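Commentary on secondary and tertiary structure
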Amino acid sequence: MCLYNTGLCTLSSCFTHQYYFVNMSKNWTEARSYCRENYTDLVTIDNPEEMNRLINSVNLTGYTGPAWIGLEKGNSCNWQWSLEERRLYSDGQTGFSNWDSSMGAPHTADGNTNCVGMRHNGKWNDIPCASKSPVGFFLCYDANQSYIFINQSNRTWTEAQRYCRENHTDLVSVRNQTENDLIHNMFPSKTWVWIGLYRDYWQWSDQRNSSFLPLILVQENMTWNEAQSYCRENNVDLVSVYSEEIQNWVERKVRSATSSHVWLGLRFSCRLKLWFWVTGSVACYQNWVPGNGSGAGHCGNTAAVQSGGGHQWVSLPETQKLNFICSK
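Residues numbered from 1 in each chain as written. Predicted model: local features only at pLDDT ≥ 70, side-chain atom pairs only at ≥ 80, totals over all residues. Heavy atoms only, no water.

Per an unreviewed UniProt entry, the recorded name for the chain is C-type lectin domain-containing protein, and the organism is Scleropages formosus.

The structure is reproduced here in C-alpha cells:
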C-alpha cells in the first residue's frame, strides 16, 4: 500500500473553516481517524477558491507531495438516472426501484457493478458498466416518441448511453411500476437491456453536501468522443460548466492548454435542437461566442472553450482533436 505523507483536517466553526496541515505518514483511514480524534474530519472542498487556498497553505509549508482529502468511494447506494432533467419526475419518482433480490441486487458498492440492466423478468440487476453480455441491448427515451428499443447487442452501458444521447434524448428512466411493465414488454424474452440507472459512489468523509470535484486538463489532442471515453475511464467525465464559478476555474485551467480550444462536456441534440451536458442536464448557464450557441447548424457539433482571449465557448465538429478537461 502506498502511504501519503500528509493529511488536511478541518475544524468547523459557525463562520468559516480552519484547515490544519498534518505532516505525518499515514494511510487514508489512519489520516481520517487522526483528524476526527484531534479536529473534525479530513477536509471537504466546496469550491475552486477553497481548493486554491488549501494548495497555497500547503505550499507555504514547503511540502510539494500529495495530501489526503476527505473524498472516498462510498458504501451507500448513491444511484441516479442518466437523464437528470428534473421536470420529467414527480415527487418520489426518482426513488422507484425494482431490484432482483433473488440475485442479491443491488450489490455492495465496490467500484465494479455500477450500471443497471433490466432482466427478462422485468427485475433490475447491477453489473459492470463495461459488460456486453448478458445485456448489450438497450432502450432509449425520446422526448417525441417515448421509449425506443434498440436492437443492437454487444454495447457497454456507456456506449448505449452515447447512442441514445446522439440519436434520441438519453437512456430510459423508469419512474414507476407502470413504466417498468411497459418497458419490460418491449424487449424479447430471455434477453437483458440497459436502463439509465448508474451508481455515483464517491462521497465526502464528513457527509457534508459538497458537489465540488477537482478539474484536470489533459494536454492530449482527441476527438470529443475519445475525450469523453478517456475521462470516464480515468476520472469521472468531461467537465460540465453549470455556473460562472466553474467557468472561472475552467478559464484558469485552459491557460495551460496546447490547443487553441479545449473540449467541454456539452453536445448538441439534433432531435431536440438543444445543448445538453454529459450529465443529461440542459445548458442553462452559457458563455457562448456571439452567434455560436443558438439557431440551426449545430447537428453533430460539440462545445469547446477558447484557451485564450475571452475564454468563451464555440460550437465545433466533434471529430476535431483538442485538449480537454475532465472532472474528478
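Let us look at the overall build of the chain. Broken down by element type, the chain carries six helices and 19 strands. Scored against the burial criterion, the 328 residues of the chain give a buried share of 50%. A sequence separation of at least 24 residues applies to 72% of the contacts in the chain between residues at least 6 apart. Accessible surface, the chain: about 15600 Å² in total, of which carbon and sulfur atoms supply 48%. (Helix = DSSP H or I, 4+ residues; strand = E, 2+ residues; numbered from the N terminus. Buried < 20%, exposed > 50% of the residue type's maximum accessible area, 1.4 Å probe, protein only. Contact = heavy atoms within 4.5 Å. Areas by Shrake-Rupley, 256 points an atom, 1.4 Å probe, with all protein chains shown as cover.)

It is worth spelling out the confidence of the model for the chain at this point. Residues shown with low pLDDT carry predicted positions that ought not to be read at fine detail. Overall, the predicted model of the chain reaches an average pLDDT of 80, with 80% of residues at or above 70. Predicted confidence for residues 1-5 stays below pLDDT 50, and this span has 15 contacts to residues more than four positions away or in other chains. With pLDDT under 50 throughout, residues 11-15 is counted as low confidence; its partners more than four residues away or in other chains account for eight contacts. (pLDDT = per-residue confidence, 0-100.)

Turning next to the pattern of salt bridges. A complete count under the given rule lists seven salt bridges for this structure. With a closest N to O distance of 3.3 Å, arginine 267 and glutamate 166 form a salt bridge. With arginine 267 in strand β15 (residues 261-269) and glutamate 166 in helix α3 (residues 157-167), this residue pair connects regions lying 101 residues apart in the sequence. Taking the relative accessible area as the measure of exposure, glutamate 166 reaches 29% and is therefore partly exposed. When the shortest N-O distance is used, the salt bridge between arginine 267 and glutamate 318 registers 2.5 Å. Of the two residues, arginine 267 is situated in strand β15 and glutamate 318 in the loop between β18 (313-317) and β19 (322-327); the sequence distance between them amounts to 51 residues. Like arginine 267, the residue glutamate 318 is buried in the burial classification. (Salt bridge = Lys/Arg side-chain N within 4 Å of Asp/Glu carboxyl O.)

Turning to the packing of α3 against helix α5 (residues 224-234), a few remarks are in order. Taken N-terminus to C-terminus, the directions of α3 and α5 make an angle of 140 degrees; their axes are 12 Å apart at the nearest point. By the angle between their axes, α3 is oblique relative to α5. Like other packed secondary-structure pairs, α3 and α5 cross with a definite hand, here right-handed. Judged by residue contacts, Thr158, Gln161, Arg162, Arg165 and Glu166 of α3 engage Asn225, Gln228, Ser229 and Arg232 from α5. Residue classes in the contact of α3 with α5 are distributed as no nonpolar, five polar and four charged. (Axes fitted to C-alpha atoms, helices over the stretch in contact; angles between N-to-C directions. Parallel < 35°, antiparallel > 145°, perpendicular 65-115°, else oblique. Left-handed = near helix turned anticlockwise from the far one by under 90°. Nonpolar A, V, L, I, M, F, W, Y, C, P; charged D, E, K, R; others polar.)

A separate point is the state of the cysteines. The tally for this structure, following the rule as stated, stands at three disulfides. Covalently, cysteine 140 is tied to cysteine 164 through a disulfide, its sulfur atoms 2.0 Å apart. Judged by the sign of its S-S torsion, about -80 degrees, the bond between cysteine 140 and cysteine 164 is left-handed. Of the two residues, cysteine 140 is situated in strand β8 (residues 137-142) and cysteine 164 in helix α3; the sequence distance between them amounts to 24 residues. Accessibility assignment for this pair places cysteine 140 and cysteine 164 in one class, buried. Two residues share a disulfide in this structure: cysteine 231 and cysteine 326, whose sulfurs sit 2.0 Å from each other. Handedness here is read from the sign of the S-S torsion; for cysteine 231 and cysteine 326, about -80 degrees, the answer is left-handed. Here cysteine 326 lies in strand β19 and cysteine 231 lies in helix α5, a separation of 95 residues in the sequence. Classification of cysteine 231 as buried rests on a relative accessible area of 0%. (Disulfide = S-S within 2.5 Å.)

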